[in-house]
Amino acid sequence: MIKMRKRKLSSGFTLIETIFSLVIFLILFLAISTLIVTIVKSSHDSRNRYQALILAQNRLESIKAMPNIEAGTYTYEYDVFSIEEDVAMIEDYKDRAYRIIVRVYLNEKLLETLESIKITR
Amino acid sequence: MLKKKQANKGAILVLVLLMTSAVISAGTVLLSTSVTNYKMKHINRRVKKAQYNAEGALNEAYAIAIEYIESALGYAHDKENFINSYLNFLLGNCEDLSDNIGLINFLKDNRNYIIYNNSNIFIEAEIFNKIDFLQLEIVASCIDEKIERKIKMTCHILIPEDKSSCNTIEPEDLIYIYDWKLES
């Protein structure tokens, strides 16, 4: 008789336990998945910025290494990025110095800007 | 049988908690790795920017030095003692010119820079008289919070032989970069 009552009392415990566990798991899963999405996004963004920096650096060094330089704005595409090069003569230094600005865009969003001066002689 | 069933009670909850803690641990490791990676890339970007700023400032200083040499040639051209006048102008010893501060003081003043006149760029300059030529040492440093990039450039400024060479010689021919190195 006592055994029967004990059995009745504990009946349904597994179901409640499972539901309770599932709720905890779902809450934590949602929190973790949001975290993972954020990590993936920031990692992707960081990679794009790094690539943009390397691109800007390469272009800047190439321009500086050129024997001749011409003032103007040059735009072209590289992979998913668009690069804008702005070369301008600095009037105060006559034709001796040029200001070079390289901007790298991704989907029209400015990711990186690098600037330097080239002395023509 | 009943005892075994009773002993299993709460096992799912424990299992779920264990699984969850494992997932949280993995998430934390992933997050910290990602944050470290992001920070490193960010620092690398700042270092490169500081490097380009210091390098740009040095290039501008070089352009200023060429301009100053041109002015020195122009000043010395009408003088009797051409070489002394040329040297005096560069060293800031011209008594007849009130605004002649010398190349060093001109280079040190941020206001004389058109592009690199930011407050985080510092220019140090020194000049040494080496009988046949002047040795100009310029150190440009760019400081971005804890990041500092310092580049040193050593130039030699030549002294024209006489006044007659002034007509054929360009100021660019009288200066050349002797050494260029990263200090820090």
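Bear in mind the structure is a predicted one, so any value in this text is a computation, not a measurement.

**Quick notes on the overall build of chain B**
Each helix and strand counted, chain B has four helices and four strands in total. Along chain B, helices and strands appear, N-terminal first, in the series α-α-α-α-β-β-β-β. Taking 16 Å as the expected radius of gyration for a compact globule of 184 residues, we find that chain B reaches 31 Å, considerably beyond that expectation. Of all intrachain contacts in chain B linking residues separated by at least 6 positions in sequence, the fraction that spans at least 24 positions is 52%.

**With respect to the overall build of chain A**
Secondary structure summary: chain A contains two helices and four strands in total. Starting at the N terminus and ending at the C terminus, chain A contains elements arranged as α-α-β-β-β-β. When contacts within chain A are restricted to residue pairs at least 6 apart in sequence, those whose partners lie at least 24 apart make up 43%.

**Here's the deal with the sheet that holds strand 2 (residues 133-144) of chain B**
All names here are of chain B. The sheet built from four strands is open, its strands ordered 1-2-3-4 with antiparallel pairing. Edge positions in the sheet fall to strand 1 (121-130) and strand 4 (175-182), since each has one partner strand and no second. Within the sheet, the average angular offset between the axes of one strand and its neighbour, ignoring direction, is 15°. The pairing of strand 1 with strand 2 spans 10 bridges and is classified as antiparallel. Bridge pairing links Ile127 to Leu136 in strand 2. Where helix 2 (residues 11-77) meets the sheet, its contacts fall on strand 1, strand 2, strand 3 (147-158) and strand 4, and the angle it forms with strand 3 comes to roughly 20°.

**What about the interface of chain B and chain A?**
On the side of chain A, 31 residues touch chain B, which itself brings 29 residues to the contact. Residue classes in the side of chain B that touches chain A are distributed as 14 nonpolar, seven polar and eight charged.

**A look at the pairing of strand 4 (residues 109-119) of chain A**
Residues and elements named next belong to chain A. Bridging between strand 3 (residues 97-106) and strand 4 involves 10 bridges; their strand directions are antiparallel. Residue pairing for strand 4: Val102 is matched across the bridge by Leu114. Following strand 3, the chain reverses through two residues before pairing antiparallel with strand 4; Asn107 in that reversal takes a positive phi of roughly 50°.

**A closer look at the sheet that holds strand 1 (residues 72-78) of chain A**
Read from one edge to the other, the open sheet built from four strands follows the order 1-2-3-4 (chain A), with strand pairing classed as antiparallel. Where the open sheet ends on each side, the last strands, each with one partner, are strand 1 and strand 4 of chain A. Taken over all neighbouring pairs, the strand axes of this sheet differ in orientation by 15° on average, direction set aside. Most of the contacts of helix 2 of chain B go to strand 4 of chain A, to which it runs at about 30°, and overall it touches strand 3 and strand 4 of chain A.

**A closer look at the packing of helix 2 of chain B against helix 3 (residues 82-91) of chain B**
Residue and element names in this part refer to chain B. The interhelical angle for the contact between helix 2 and helix 3, taken along N-to-C directions, is 140°, at an axis separation of 8 Å. With respect to helix 3, the axis of helix 2 lies oblique. Where helix 2 crosses over helix 3, the handedness of that crossing is right-handed. Side by side, helix 2 and helix 3 meet where Tyr68, Ser71, Ala72, Leu73, Tyr75 and Ala76 of the first sit next to Phe82, Ser85, Tyr86, Phe89 and Leu90 of the second.

**Brief notes about the confidence of the model for chain B**
Should pLDDT be low for a region, the predicted coordinates there are not to be read in detail. Residues and elements named next belong to chain B. This prediction gives chain B a mean pLDDT of 87; 95% of its residues lie at or above 70. Taken element by element, chain B is modelled with least confidence in helix 1 (residues 2-7), mean pLDDT 55, and with most confidence in strand 3, mean pLDDT 94. Prediction confidence for the complex, expressed as pTM and ipTM, is 0.82 and 0.79 respectively.

**A closer look at helix 3 of chain B**
When we look at burial in helix 3 of chain B, the residues that qualify are Phe82, Ser85, Tyr86, Asn88, Phe89 and Leu90 of chain B. With its phi angle positive at about 80°, Gly92 of chain B sits one or two positions after the end of helix 3 of chain B.

**Observations concerning unusual backbone geometry**
Residue and element names in this part refer to chain A. Its identity as a non-glycine residue notwithstanding, Asp79 has a phi of 55°, on the positive side. Relative to the assigned elements, Asp79 resides in the loop between strand 1 and strand 2 (81-89). Given 8 C-beta atoms within 10 Å, Asp79 falls into the exposed group. Even without glycine at this site, Lys94 takes up a positive phi of about 55°.

Thresholds, definitions, all that
- Residues numbered from 1 in each chain as written.
- Chains lettered and ligands numbered in written order.
- Predicted model: local features only at pLDDT ≥ 70, side-chain atom pairs only at ≥ 80, totals over all residues.
- Helix = DSSP H or I, 4+ residues; strand = E, 2+ residues; numbered from the N terminus.
- Rg over C-alpha atoms; globule rule 2.2 N^0.38 Å.
- Contact = placed C-beta atoms within 7 Å.
- Pairing = 2+ DSSP bridges.
- Axes fitted to C-alpha atoms, helices over the stretch in contact; angles between N-to-C directions.
- Nonpolar A, V, L, I, M, F, W, Y, C, P; charged D, E, K, R; others polar.
- Parallel < 35°, antiparallel > 145°, perpendicular 65-115°, else oblique.
- Left-handed = near helix turned anticlockwise from the far one by under 90°.
- pLDDT = per-residue confidence, 0-100.
- Buried ≥ 20, exposed ≤ 12 C-beta atoms within 10 Å, placed from the backbone.

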